[in-house]
Amino acid sequence: MYLDVKNLNLFYDRAMVLDELSFHVNKGETVSIVGPNGAGKTSALRAIAGLVKWEQDILKGTVMGKITLTGSVLFKGEELLKLPAYKIAERKLILCPERGRPFRERTVLENLQAGAYMVKSKKVMQELLNAAYEIFPILKTRKNQVAGTLSGGERCMLAMARALQSQPELLLLDEPTVGLAPLVKEDLFACVKKIHAMGVTILLTEQDVSFAFELSERNYVLSRGKVVAEGTASQLISDDLVRKTYLGL
Amino acid sequence: MIEMIIINGAVMGGVISILATGFSLVFGVAKILNLAYTAFYMVASFLLYIMIIMYKLPLSLSFVTSIIITAILAMASYKICLDRIKEHESAVLIITVALTILFQEILILFFSAINRTIPPLVGGSSEILGVAILNQQIFCVVVSIGIIAIIWLFLSKTKMGNAIMAVAEDREVANLMGINVSRMCMITVGISGVLAGLAAVVVAPLQMIQPYMWMYPLVSVLCAVILGGLGNIKGGIVGAYILGFTEACVVFLFPKFSFLRGAVSLSIMLIILLIRPEGLFGIIFEEERL
Ligand SMILES: Nc1ncnc2c1ncn2[C@@H]1O[C@H](COP(=O)(O)OP(=O)(O)OP(=O)(O)O)[C@@H](O)[C@H]1O
Ligand SMILES: [Mg+2]
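Numbering of residues starts from 1 in each chain and follows the order in which that chain's sequence is written. Chain A is the first chain written and ligand 1 is the first ligand written, with later ones labelled in order. Selection of residues for local features in this predicted model requires a pLDDT of at least 70, selection of side-chain atom pairs for listing and counting requires 80 or more, and totals for whole chains, interfaces and linings are taken over all residues. Excluded from the side-chain calculation are hydrogens and water; included are all heavy atoms of the structure.

**Student:** Mind showing me how you'd approach the sheet that holds strand S4 (residues 67–75) of chain A here?
**Tutor:** Sheet strands pair via backbone hydrogen bonds, and the direction of the pair is either parallel or antiparallel. Residue and element names in this part refer to chain A. Pairs of strands are assigned from DSSP output, requiring at least two bridges between the strands. Numbering goes from the N terminus for both helices and strands, where a helix is a DSSP run of H or I of at least four residues and a strand is a run of E of at least two. Overall, antiparallel pairing links the four strands, which are arranged S2-S1-S4-S5 in an open sheet. Each having just a single partner strand, strand S2 (15–25) and strand S5 (78–79) make up the two edges of the open sheet. As paired elements, S4 and S5 share two bridges and run antiparallel to each other. Bridging from a neighbouring strand, phenylalanine 75 pairs with glutamate 78 of S5.

Structure follows, in structure tokens:
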């Protein structure tokens, strides 16, 4: 199995955020995790990408530092939970964080260059840059603009383009559509499709259920840190209980 | 008169801008408000004194050695004392003050609190537009501008510079790009040590070397970086030159009141902060701009 998450538990102090969370992603798939606010979607992705461990390490010894993370995350057979976040990125598992989080005081180009930190060859860097500009043409016209002054949609695209500069094999997208207008969402939809067509495996979280279902082959429904249902879009929608309780459709 | 103000302002501004750059880098990247920073500059000056005056080593060897030792000292104190407590801001302040006093007391123990000097590294003086200026002063002005230019090129044109700036802005997200954040912090601290050593090389011959020499530059550096916008490197450099020229004006226009130069620069800092609380170059983004 490509990415295999097993019995992941996460506590902030005594508050349970992930509860025996298990799911998997096969190579080449697009899989989405949907669920209400506070279900633990972001936390799950952060745990996989090593940011929970990072948080644990830097907060060690402070009052905020009581974070417990147990279970296992296997990526291509390798256990990730003990690895520092930057080493996970070196394995080509790249997280595009919630709200994109571009470096706001840096220009678009500098953001993309930071994304290409692990790429050694200048030529490959240029190719990656061109590929990103092809998917997100707006970024090319804005390349010398400071990222903090981009619009919300442009920032989402910048974050995705930056993640692509790291040559991801498995790309984790955390709510790429949050706060976007329907038209922009459609653009973004097409972009995610393009990225998938480049051979990147995608795991995304969404609150916009229809966006997620249209995009992905399989879906997990998360509630209170647990998987409460899984399946294809049609399976989930045909299940009355799931549809009414969790999807609000 | 005006020439003296310009040359002295440029010397002061140059030295402070080197120190302010090192200070801002460490603050911006490693998130440490290192009050011991000018103590490294003091140690570097003493190292120069020891090597040049006491052991009569050749100049270039003394320069290189003192810069390297200062950088190692900066990295060692970061690793040993600061790295593990850096989330506790008040502990960091206390430890860095303690470090400063430690260095001061050790130097007093070995050298006692008397003023020492080292001879100019470039001797003689030149006439520019009819004014005699020490070659050491010209050297100081040119080299400090050169150092700033090199640092700026490094930060804006190289991959590692870009990664360092990325860490400065968002340590957590930098991880996601495969950037080893603690290594970048260490490198930055090393660079700041090199800068402190360079500042000493540039200005030590123009100054008294004694175990309290960390104090005055510390005030100036804090002033410059707050003036420019804390953590903003460009702001710190501009702030340093504003300060340098202001102080030179005070000293040469009102020689009787030259002891007030620190007070004047602090007042300027206060006024600018009242008008622009984020400093001259500080940027405030709206928290969530969507
Ligand atoms: N650092 C933290 N400290 C304490 N509690 C946290 C922390 N981070 C997340 N939580 C809690 O964990 C729960 C899950 O949060 P998470 O951000 O994973 O939800 P989410 O599914 O991504 O929600 P949304 O759709 O709103 O983004 C929330 O109840 C949140 O309050
Ligand atoms: Mg979330």
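**Student:** Mind showing me how you'd approach the pairing of strand S2 (residues 131–134) of chain B here?
**Tutor:** Put simply, side chains in a regular strand alternate between the two faces of the sheet. All names here are of chain B. Residue burial is assigned from relative accessible area. The probe radius is 1.4 Å, only protein chains are included, and a residue is buried under 20% of its type maximum, exposed over 50%, and partly exposed in between. Judged by which residues are buried, S2 turns out to be one-sided: Val131 and Ile133 face inward and are buried, whereas Ala132 and Leu134, on the alternate face, are not. Where strand S1 (residues 125–128) and S2 come together, four bridges link them in antiparallel fashion. From the neighbouring strand, glutamate 127 faces S2, where its bridge partner is alanine 132. Following S1, the chain reverses through two residues before pairing antiparallel with S2; leucine 129 in that reversal takes a positive phi of roughly 50 degrees.

**Student:** What is the right way to look at the environment of Thr246(B) in this model?
**Tutor:** Residues and elements named next belong to chain B. In this structure, threonine 246 sits in helix H10 (residues 233–253). Filtering out sequence-adjacent residues up to four positions away, threonine 246 remains in contact with Val264 and Ile268. One polar contact links the side chain of threonine 246 to the main-chain carbonyl oxygen of isoleucine 242, over a distance of 2.4 Å. Contact definition: two residues touch when any of their heavy atoms are within 4.5 Å. The definition of a polar contact used here is a pair of N or O atoms within 3.5 Å, where within protein one atom must be able to donate a hydrogen and the other to accept one, and adjacent residues in sequence count solely through side-chain atom pairs.

**Student:** What's the story with the site of ligand 1 in this structure? I'm lost.
**Tutor:** Residue and element names in this part refer to chain A. We call a residue near a molecule or strand whenever a single non-hydrogen atom of that residue lies within 4 Å of it. The local shell around ligand 1 holds 14 residues, among which Asn37, Lys41, Thr42, Ser43 and Glu98 are the closest. One nitrogen or oxygen atom from the main chain of glycine 38 is found 2.9 Å from an oxygen atom belonging to ligand 1. The side chain of glutamate 98 places a nitrogen or oxygen atom 2.7 Å from an oxygen atom of ligand 1. In this description, accessible areas are obtained by the Shrake-Rupley approach with a 1.4 Å probe, and a residue is regarded as covered only by the protein chains that are shown. Here ligand 1, which alone exposes 630 Å², has 62% of that area covered by the protein. The element contributing the most residues to the shell around ligand 1 is helix H1 (residues 41–49), with three residues. Here the shell around ligand 1 is composed, by residue class, of four nonpolar, six polar and four charged. Here the nonpolar group is Ala, Val, Leu, Ile, Met, Phe, Trp, Tyr, Cys and Pro; Asp, Glu, Lys and Arg are the charged ones; every other residue, Gly included, is treated as polar.

**Student:** Please clarify how the coordination of the magnesium ion (ligand 2) should be interpreted in this entry.
**Tutor:** All names here are of chain A. Note: metal donors comprise N, O and S atoms at 2.8 Å or less from the metal (3.2 Å for Na, K and Ca); water molecules are not included, so apparent gaps in a site are possible. Of the protein atoms, only Thr42 (OG1) and Glu98 (OE) coordinate the magnesium ion (ligand 2), at distances of 1.8 to 2.4 Å. Of this pair, threonine 42 sits in helix H1 while glutamate 98 sits in the loop between strand S6 (93–96) and helix H4 (108–115), and the two are 56 residues apart along the sequence. By relative accessible area, which is 18% here, threonine 42 ends up buried. You can call glutamate 98 partly exposed: its relative accessible area is 32%.

**Student:** Explain helix H5 (residues 135–157) of chain B here, please?
**Tutor:** It helps to recall that an α-helix has 3.6 residues per turn; residues three or four apart then point in one direction. Its 23 residues give H5(B) an end-to-end C-alpha distance of 32 Å, which sits within 8% of 33 Å, the value for a rise of 1.5 Å per residue. Those residues of H5(B) that fall on the buried side of the exposure criterion are Gln136(B), Gln137(B), Cys140(B), Val141(B), Ser144(B), Ile147(B), Ile148(B), Ile151(B) and Leu155(B). What a helix is expected to span follows from its residue count: subtract one and scale by 1.5 Å.

**Student:** Help me understand the interface of chain A and chain B, please; the structure alone is not making it clear to me.
**Tutor:** Interface size is commonly expressed as the accessible surface area that is lost when the partners come together. Each partner contributes residues to the interface: chain A has 40 residues there, and chain B has 28 residues. Buried surface at the junction of chain A and chain B, both sides included, amounts to about 3100 Å², of which 56% is carbon and sulfur. Basic side-chain nitrogens of Lys or Arg form a salt bridge, by our definition, when they fall within 4 Å of a carboxyl oxygen of Asp or Glu. If you look at where chain A meets chain B, you find three salt bridges. For Arg101(A), the salt bridge is made with Glu172(B), and the minimal N-O distance between the two is 3.2 Å. Between the two partners, chain A and chain B, sit ten residue pairs in polar contact (both at pLDDT 80 or more). Secondary-structure elements contributing two or more residues to the side of chain A that touches chain B are H1, helix H2 (51–58), helix H3 (85–90), S6, H4 and helix H7 (152–165) of chain A. Considering only residue class, the side of chain A that touches chain B consists of 20 nonpolar, nine polar and eleven charged. When two parts are put together, the accessible area they lose, computed with a 1.4 Å probe and summed over both, is reported as buried area.

**Student:** Would you take a moment to explain the pattern of salt bridges for this structure?
**Tutor:** Side chains carrying opposite charge are able to pair once their charged atoms draw close together. Residue and element names in this part refer to chain A. Here the structure, examined in full by the defined rule, presents 21 salt bridges over all chains. For arginine 218, the salt bridge identified is with glutamate 29, shortest N-O distance 2.7 Å. Linking arginine 218 in strand S9 (residues 218–223) with glutamate 29 in the loop between S2 and strand S3 (30–34), this pair joins segments that are 189 residues apart in sequence. Both residues of the pair, arginine 218 and glutamate 29, belong to the buried class. Two residues, aspartate 208 and lysine 185, come together in a salt bridge whose shortest N-O distance is 2.7 Å.

**Student:** Mind showing me how you'd approach the side chain of Thr201(A) here?
**Tutor:** Residues and elements named next belong to chain A. Within the secondary structure, threonine 201 sits in strand S8 (residues 201–206). Among the residues examined, threonine 201 registers a relative accessible area of 0% and is labelled buried. Of note is the side chain of threonine 201, whose polar atom sits 2.9 Å from the backbone nitrogen of glycine 28. Non-local contacts of threonine 201, meaning those with residues more than four positions away in its chain, are made with Tyr2, Val25, Asn26, Lys27, Gly28, Glu29, Glu169, Leu170 and Leu171.

**Student:** Where do I start with the sheet that holds S3(A) in this structure?
**Tutor:** All names here are of chain A. Reading across the sheet, the six strands line up as S6-S7-S8-S3-S9-S10 and stay open at both edges, with mixed pairing between neighbours. The sheet is open, and its two borders are formed by S6 and strand S10 (226–231), each paired with just one other strand. The mean inter-strand angle of the sheet, taken between neighbouring strand axes irrespective of direction, is 20 degrees. In terms of strand pairing, S6 meets strand S7 (residues 170–174) through four bridges, oriented parallel. Bridge assignment links leucine 93 to a residue of S7, and that residue is leucine 170. All axes are obtained by fitting lines to C-alpha atoms, using only the stretch in contact for helices, and the reported angles, taken between N-to-C directions, cover 0 to 180 degrees. Sitting on the sheet, helix H8 (residues 182–197) is in contact with S3, S7 and S8, with an inclination near 155 degrees to S8. Sitting on the sheet, helix H11 (residues 240–247) is in contact with S3, S9 and S10, with an inclination near 55 degrees to S9.

**Student:** Explanation requested: the side chain of Thr42(A) in the structure shown.
**Tutor:** All names here are of chain A. At a separation of 3.1 Å, a polar atom in the side chain of threonine 42 contacts the side chain of glutamate 98. Within the structure, the side chain of threonine 42 is placed 3.0 Å from the side chain of aspartate 174, a separation counted as a polar contact. Those residues in contact with threonine 42, other than ones at most four positions away along the chain, are Glu98 and Asp174.

**Student:** Would you explain the layout of surface pockets in this entry?
**Tutor:** It is a probe the size of a water molecule, rolled over the atoms, that shows where empty space is left. By volume, the largest pocket amounts to about 1100 Å³. Only protein atoms enter the 1 Å grid, on which a cavity is a set of points fitting a 1.4 Å probe that cannot get out and a pocket is an open set with protein on both sides within 12 Å along at least 5 of 7 lines, lining residues being those with an atom within 4 Å of a point. Lining the largest pocket we find 36 residues, and of these Glu105(A), Met165(B), Gly231(B), Asn232(B) and Ile233(B) sit closest to its centre. Where the lining of the largest pocket is concerned, the elements lending two or more residues are helix H1 (2–30), H5, helix H6 (159–169) and H10 of chain B. Looking at the lining of the largest pocket residue by residue, the classes come out as 18 nonpolar, ten polar and eight charged. Grid points are joined across faces, edges and corners, and a volume is the space filled by probe spheres set on the points.

Function cannot be read off these values alone, since they describe shape.
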